[in-house]
Amino acid sequence: MTTIDPARTELQPSEAPSPRRSTGTRVTRAIGIGCLTAMGWLVAFGLGFSPADRDQKESVRILYVHVPTIWLAYLAFVVTAVSSGLYLFTKKRSLGWDRVAGASAEIGVAFVAVTLAVGSMWGRLTWGVFWQWDARLTTTALLFVTYIGYLAVRRLGGSHQQRAKRSAVLGMIAVIEIPLVHFSVKMWRSLHQEATVANLDGDTKMDGIMLFSLFVGVIAFTFLYVWLMLHRTRAMAMEDMLEDRGLDDALVARRAEAAAQQNGAR
């Protein structure tokens, strides 16, 4: 995932290849173009082509962002859990899986933040208040705080392997909250409406153009998720490499200092 070859770090400056200064590639640029295109379609359908809802009126347009972001947040946290498991239970213990887990969790937290923000706007228009201690809202806020804690754990001191191990354990435990959030409207009395599309009886109660607009939103945010993942995992690989180089330089300097002290003592 890194764009710098660690095996060649001992080359002389004149021999060393010039490292790339960007995490972008042709693939990421193509995905970025796809993301911008899909976002344009989402704006067009969400604000233009899609009609107002019979009950929710114009506020229904908020759901074209609200629903895709929480679905993609679920996906991001599942990717974190799976990658954490692959790090813990494979023999190689590749740090690449740890970086995928960390990057996906960061994106998931950002998407949950968007979900809560636009959900508050929808609540103000529909319920008359920005926030209620409703089962769905409370469990979603708990999910957000849990993964903020996960990201904080990743920032604790220690080696890359220590970071990866403790983060992997937490990442596999935290994902259990997702079913709690999704089914909270059925488990407790909730102001939040039940699932309109992803329900167990398979009965989708949405107008065709509204459902298509929601689908466009899912596609757009999926493109965004993949694009962010590629860039963030590469950036994290570079950060780890720079940290390792800094440690190596410090060890070399310390050994040189110790050798100079020994020579001076003689």
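As the structure is a computational prediction, the values presented were derived from the model and not from experiment.

Looking at the overall build of the chain
Next up, step 1: Across its full length, the chain holds 8 helices and 0 strands.
Next up, step 2: Ordered by position from the N terminus, the helices and strands of the chain form the series α-α-α-α-α-α-α-α.
Next up, step 3: In the chain, which comprises 266 residues, the proportion classed as buried is 41%.
Next up, step 4: Partitioning the contacts of the chain with sequence separation of at least 6, the portion at a separation of at least 24 is 76%.

Remarks on the packing of helix H3 (residues 95-126) against helix H4 (residues 135-154)
Next up, step 1: For the pair H3 and H4, interaxial distance at closest approach is 10 Å and the crossing angle is 145°. The handedness of the crossing between H3 and H4 comes out as left-handed. Here Asp98, Ala101, Gly102, Ala105, Glu106, Val109, Val112, Ala113 and Leu116 of H3 lie close against H4, whose contacting residues are Thr140, Ala141, Phe144, Tyr147, Ile148, Tyr150, Leu151 and Arg154.
Next up, step 2: Residues belonging to the contact of H3 with H4 are distributed by class as follows: 12 nonpolar, 2 polar and 3 charged.

Focus: a nonpolar patch on the surface
Next up, step 1: Taken together, the side chains of Phe212, Phe215, Ile219 and Phe223 define a hydrophobic patch exposed on the protein surface, amounting to about 340 Å² of accessible area.
Next up, step 2: One can find Phe215 in helix H8 (residues 208-265).
Next up, step 3: Its relative accessible area of 49% is what places Phe215 among the partly exposed residues.

Section: the nonpolar core
Next up, step 1: Counting 42 residues, the largest nonpolar core has Phe77, Phe111, Leu143, Tyr147 and Tyr225 as its most contacted members.
Next up, step 2: Elements with a contribution of two residues or more to this core: helix H1 (26-49), helix H2 (63-89), H3, H4, helix H6 (177-182) and H8.
Next up, step 3: With 11 residues, the single largest contributor to this core is H3.
Next up, step 4: Tyr225 has contacts with Leu72, Leu75, Ala76, Val79, Ser104, Ile107 and Phe111, leaving out every residue within four places of it along the chain.

Some remarks on the packing of aromatic side chains
Next up, step 1: Using the criterion set out here, one finds 7 aromatic pairs in the structure.
Next up, step 2: A ring pair is formed by Phe111 and Phe221, whose centres lie 5.9 Å apart and whose planes are at 90°; its orientation type is edge-to-face. In this pair, Phe111 is assigned in helix H3 and Phe221 in helix H8, connecting sequence segments 110 residues apart. Like Phe111, the residue Phe221 is buried in the burial classification.
Next up, step 3: Ring pairs connect the aromatic residues Trp41, Phe45, Phe212 and Phe215, which therefore count as one cluster.
Next up, step 4: The positively charged end of Arg93 is found above the aromatic ring belonging to Tyr87, 5.6 Å away from the centroid.

Overview of the pattern of salt bridges
Next up, step 1: Enumeration according to the criterion identifies 6 salt bridges in this entry.
Next up, step 2: Asp98 serves as the salt-bridge partner of Arg154, at 2.9 Å between the closest nitrogen and oxygen. Here Asp98 lies in helix H3 and Arg154 lies in helix H4, a separation of 56 residues in the sequence.
Next up, step 3: With a relative accessible area of 3%, Asp98 lands in the buried category.
Next up, step 4: Here Glu106 makes a salt bridge to Arg232, at a shortest N to O gap of 2.7 Å.

As for the confidence of the model for the chain
Next up, step 1: Residues with a pLDDT of 70 or more make up 76% of the chain, whose mean pLDDT is 81.
Next up, step 2: Here helix H7 (residues 184-187) is the element of the chain with the lowest mean pLDDT, 74, and H2 is the one with the highest, 94.
Next up, step 3: For residues 1-18, every residue scores under 50 in pLDDT, and the model assigns this stretch 19 contacts once sequence neighbours within four places are set aside.

A look at the environment of Tyr74
Next up, step 1: Summarising the element assignment, Tyr74 is placed in helix H2.
Next up, step 2: Accessibility expressed as a relative area gives 12% for Tyr74, which makes it buried.
Next up, step 3: Taking the C-alpha atoms as reference points, Tyr74 and Gly108, separated by 34 residues in sequence, lie 7.3 Å from one another.
Next up, step 4: If we ignore the near neighbours within four places in the chain, the residues touching Tyr74 are Leu143, Ile178, Val181 and His182.

A few points about the side chain of Arg99
Next up, step 1: Tracing the backbone shows Arg99 in helix H3.
Next up, step 2: Sequence-distant contacts of Arg99, that is, excluding residues within four places in its chain, are made with Thr233, Met236, Ala237 and Asp240.

A word on H1
Next up, step 1: The terminal C-alpha atoms of H1 lie 33 Å apart, and with 24 residues this matches the ideal 34 Å at 1.5 Å per residue to within 8%.
Next up, step 2: All of the buried residues in H1 are Thr28, Ile31, Gly32, Gly34, Cys35, Ala38, Leu42, Phe45 and Gly46.
Next up, step 3: One side-chain oxygen at the N-terminal end of H1 lies 3.3 Å from the backbone nitrogen of Val27; it belongs to Thr25.

Calculation notes
- Residues numbered from 1 in each chain as written.
- Predicted model: local features only at pLDDT ≥ 70, side-chain atom pairs only at ≥ 80, totals over all residues.
- Heavy atoms only, no water.
- Helix = DSSP H or I, 4+ residues; strand = E, 2+ residues; numbered from the N terminus.
- Buried < 20%, exposed > 50% of the residue type's maximum accessible area, 1.4 Å probe, protein only.
- Contact = heavy atoms within 4.5 Å.
- Axes fitted to C-alpha atoms, helices over the stretch in contact; angles between N-to-C directions.
- Left-handed = near helix turned anticlockwise from the far one by under 90°.
- Nonpolar A, V, L, I, M, F, W, Y, C, P; charged D, E, K, R; others polar.
- Patch = residues over 30% accessible without salt bridge, like charges linked within 9 Å, V, L, I, M, F, W, Y side chains within 5 Å.
- Areas by Shrake-Rupley, 256 points an atom, 1.4 Å probe, with all protein chains shown as cover.
- Salt bridge = Lys/Arg side-chain N within 4 Å of Asp/Glu carboxyl O.
- Core = buried A, V, L, I, M, F, W, Y, C linked by side-chain atoms within 4.5 Å.
- Phe/Tyr/Trp six-rings, centres within 6.5 Å; stacked < 30°, edge-to-face > 60°.
- Lys NZ or Arg CZ within 6 Å of the ring centre and 35° of its normal.
- pLDDT = per-residue confidence, 0-100.
- Expected span 1.5 Å × (residues − 1).
- Polar contact = N/O pair within 3.5 Å; in protein donor to acceptor, adjacent residues only side chain to side chain.

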